[in-house]
Amino acid sequence: MKILHFNQRDDGGAGRAMMRLHQGLRANKVESFAFVQVKTSDDEWVSSPQSLIGKLSAKLKLSEHIAHLPLRLYQDKTDGHFSPSFALESPVTVIKERDPDIIHLHWINHGFINIEALAKLNKPIVWTLHDMWPFTGGCHYSNECTAYKNQCGNCPALGSQKENDLSRTIWKRKSKAWKNLNLTIAAPSNWMANCARESSLFGDLPIEVIPNGLDTSEFKPVDKKMARQLMNLPQDKHLVLFGAANVQDVRKGMHLLLPALDKLHSNGLKDKIELMVFGAASTQMQDVEFKINSLGRLNDNISLSLAYSAADVFIAPSLEDNLPNTLVESLACGTPGVAFNVGGIPDIIDHKHNGYLATPFEPESLAEGIRWVLQADESHALRINSYQKAEQMFELLSQARHYKKLYDTILAKKK
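Summarised in this report is the structure supplied together with it. Please read all numbers here as calculations on a predicted model, not as lab measurements. (Residues numbered from 1 in each chain as written. Predicted model: local features only at pLDDT ≥ 70, side-chain atom pairs only at ≥ 80, totals over all residues. Heavy atoms only, no water.)

Take the side chain of Ser-318 next. Turning to its location among the elements, Ser-318 is positioned in the loop between β11 (313–316) and α10 (325–332). Separated by 2.9 Å, the side chains of Ser-318 and Asp-321 make a polar contact. Beyond its immediate sequence surroundings of up to four residues, Ser-318 is in contact with Arg-251, Lys-252, Phe-340 and Val-342. (Helix = DSSP H or I, 4+ residues; strand = E, 2+ residues; numbered from the N terminus. Polar contact = N/O pair within 3.5 Å; in protein donor to acceptor, adjacent residues only side chain to side chain. Contact = heavy atoms within 4.5 Å.)

Quick look at the structure:
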């Protein structure tokens, strides 16, 4: 069995999830390959465009810029991510070279693969939903808009008041191009699966729930005292960890985390808590009253595991999310999470068992969740429950076996 994955790049949230699955499949004796627009890894089974236009496009982000040109017509669009999907290159060449049994799509935006190109692939397709874009008129998260259940239009993400706007055009392109695809949907969370089932584009397709996996031999608990010593962190403080690649994205909830931290500070915990911050968030929290231990960008699993293990609690204040890698990684390292009870997060956090599900979208509830975890009498039990949940639900080889079974089922129907 030969599988060819497509993802715009081999890092980032969707890229890391794709790479983990790819490596898990190879560990399960499946011939797995990946094709990306931007390659950062040294994996020999991952390739990227070799043509001059492909290399220039990746280096200068030409495809991304061209793909987003139609958005210039919408001056009132929100800060949410919206992808029209136009591409300079076609994936047909690499498909002919690899001749896979199944094509596995992941995140294909930023001018990577055109909507109409999927109809030319002539292979069974599995599509893992890393966000909502595949079944919407262009937005990656709908922000409670339900127009994707019909034909989109009047798109709030575009600031549009017209039925036949860009979102309706994209929906029509998808509907026309994909109506005869041999397509199976995989959703990492129950929430994302339910959204896809309710959508007008994917409602009649087979939809499987397969959580993203991670290697629990790499992401695992490290002795907290040792982790703090190695990272030069205090031993006598409650450490609250937060991290995000793009805190400018309103969906990540930074604007709700900050008042929650202010609430904790004013409630007598100012001398007991310090923050740990990694990623782009490091430069966005200068006005917080608590001391900040800035960890910068943590790009390797060892550093990430040490950071999670050193912390007492990890905070993920997203307004909408699928199955965030950071929360799963934190649990695998034995650190409970606090997040709003939204999206796929209840698939990860069991309330007051391995973390705390706060009331959306109340900073006071988020603060109460942080306080509850830090002051829990059964804090050791919380840590045990956390990594046990990760081992039971998100172990990489289990995910790979689930996908292999899905591939087998698809290929059996093809015969």
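The rest of the description comes next.
Another point: the packing of aromatic side chains. Using the criterion set out here, one finds 16 aromatic pairs in the structure. Ring geometry for Phe-6 and Phe-35: centres 5.9 Å apart, planes at 65°, overall edge-to-face. Taken as a pair, Phe-6 in strand β1 (residues 2–9) and Phe-35 in strand β2 (residues 31–38) lie far apart in primary sequence, 29 residues in all. Members of the aromatic cluster, joined through ring pairs, are Trp-127, Trp-133, Phe-135, Tyr-148, Trp-178 and Phe-202. Here Lys-174 stacks its cationic end above the ring of Trp-133, 3.7 Å away from the centre of that ring. The side chain of Arg-251 reaches across the aromatic face of Tyr-141, ending 3.9 Å from its centre. (Phe/Tyr/Trp six-rings, centres within 6.5 Å; stacked < 30°, edge-to-face > 60°. Lys NZ or Arg CZ within 6 Å of the ring centre and 35° of its normal.)

Neither face of strand β5 (residues 125–128) is open: one carries Ile-125 and Trp-127, the other Val-126 and Thr-128, and all of them are buried. With 3 bridges connecting them, strand β4 (residues 102–105) and β5 associate as parallel partners. Along β5, the bridge assignment pairs Leu-105 with Trp-127. Of the strand pairs in this sheet, β5 and strand β6 (residues 183–187) are connected by 4 bridges, and their pairing is parallel. Of the residues in β6, the one forming a bridge with Thr-128 is Ala-186. In this region the chain leaves β5, passes through helix α5 (residues 166–178) and returns to the parallel neighbour β6; the handedness of that crossover is right-handed. (Buried < 20%, exposed > 50% of the residue type's maximum accessible area, 1.4 Å probe, protein only. Pairing = 2+ DSSP bridges. Right-handed = clockwise from strand over helix to strand, strands pointing away.)

This brings us to the sheet that holds β4. One open sheet accounts for 7 strands, arranged β3-β2-β1-β4-β5-β6-β7; its pairing is parallel. Strands at the two margins of the open sheet, each flanked by one partner only, are β3 (46–47) and β7 (207–209).

Tallied over the full model, the rule gives 0 disulfides. You can see Cys-155 has no disulfide; the closest cysteine sulfur is in Cys-139, sitting 5.9 Å from it. The buried category is assigned to Cys-155, whose relative accessible area is 7%. Cys-195 takes part in no disulfide bond, and the closest cysteine sulfur to it belongs to Cys-139, at a distance of 10 Å. (Disulfide = S-S within 2.5 Å.)

Next up on the list: the environment of Leu-275. Mapped onto the elements, Leu-275 comes out in strand β9 (residues 273–279). Using a relative accessible area of 2% as the deciding quantity, one classes Leu-275 as buried. Note: C-alpha distance between Leu-275 and Phe-290 (15 residues apart in sequence) is 6.6 Å.

Let us look at helix α13 (residues 396–414). An α-helical segment advances 3.6 residues per turn. Residues three or four places apart therefore align on the same side. Between the first and last C-alpha of α13 there are 27 Å, a value that for 19 residues agrees with the 27 Å anticipated at 1.5 Å per step. Considered for burial, the residues of α13 that qualify are Leu-396, Gln-399, Ala-400, Tyr-403, Leu-406, Tyr-407, Ile-410 and Leu-411. Buried residues of α13, seen end-on, are gathered within an arc of 130° and therefore sit on one face of the element. Within α13, the exposed residues directed more than 90 degrees away from the buried face are Lys-405 and Lys-413. (Expected span 1.5 Å × (residues − 1). Arc of directions from axis to C-beta.)

Bringing the packing of helix α1 (residues 12–27) against α13 into the picture now. In helix packing, the relevant descriptors are the interaxial angle and the interaxial distance, both defined with respect to the helix axes. Relative orientation of the contacting elements α1 and α13 amounts to 80°, with a least axis distance of 8 Å. One way to sum up the angle between α1 and α13 is to call them roughly perpendicular. From α1, Arg-20, Leu-21, Gly-24, Leu-25 and Ala-27 reach across to α13, where they touch Leu-396, Leu-397, Gln-399, Ala-400, Tyr-403 and Tyr-407. (Axes fitted to C-alpha atoms, helices over the stretch in contact; angles between N-to-C directions. Parallel < 35°, antiparallel > 145°, perpendicular 65-115°, else oblique.)

The strand order across the open sheet built from 6 strands is β10-β9-β8-β11-β12-β13, with neighbouring strands paired in parallel fashion. Each edge of the open sheet is held by one strand with a lone partner, namely β10 (291–296) and β13 (355–358). Within the sheet, the average angular offset between the axes of one strand and its neighbour, ignoring direction, is 20°. Relative to β10, β9 is paired through 5 bridges, and the arrangement is parallel. Across the sheet, residue Phe-278 finds its bridge partner in β10, namely Gly-296.

Below, the discussion takes up the pattern of salt bridges. Tallied over the entire structure, the rule returns 14 salt bridges. The partner of Arg-9 in a salt bridge is Asp-11, and the shortest N-O contact between them spans 2.4 Å. Between Lys-404 and Asp-408 there is a salt bridge whose closest N-O contact spans 3.5 Å. Taken together, the residues span about one helical turn, with Lys-404 and Asp-408 both in helix α13 at a distance of 4 residues. Residue Asp-408 is classed as partly exposed on the basis of its relative accessible area, which comes to 35%. Residues joined by salt bridges that share partners form a network here, namely Arg-16, Arg-20 and Glu-329. (Salt bridge = Lys/Arg side-chain N within 4 Å of Asp/Glu carboxyl O.)

Structural measurements only, silent on function.
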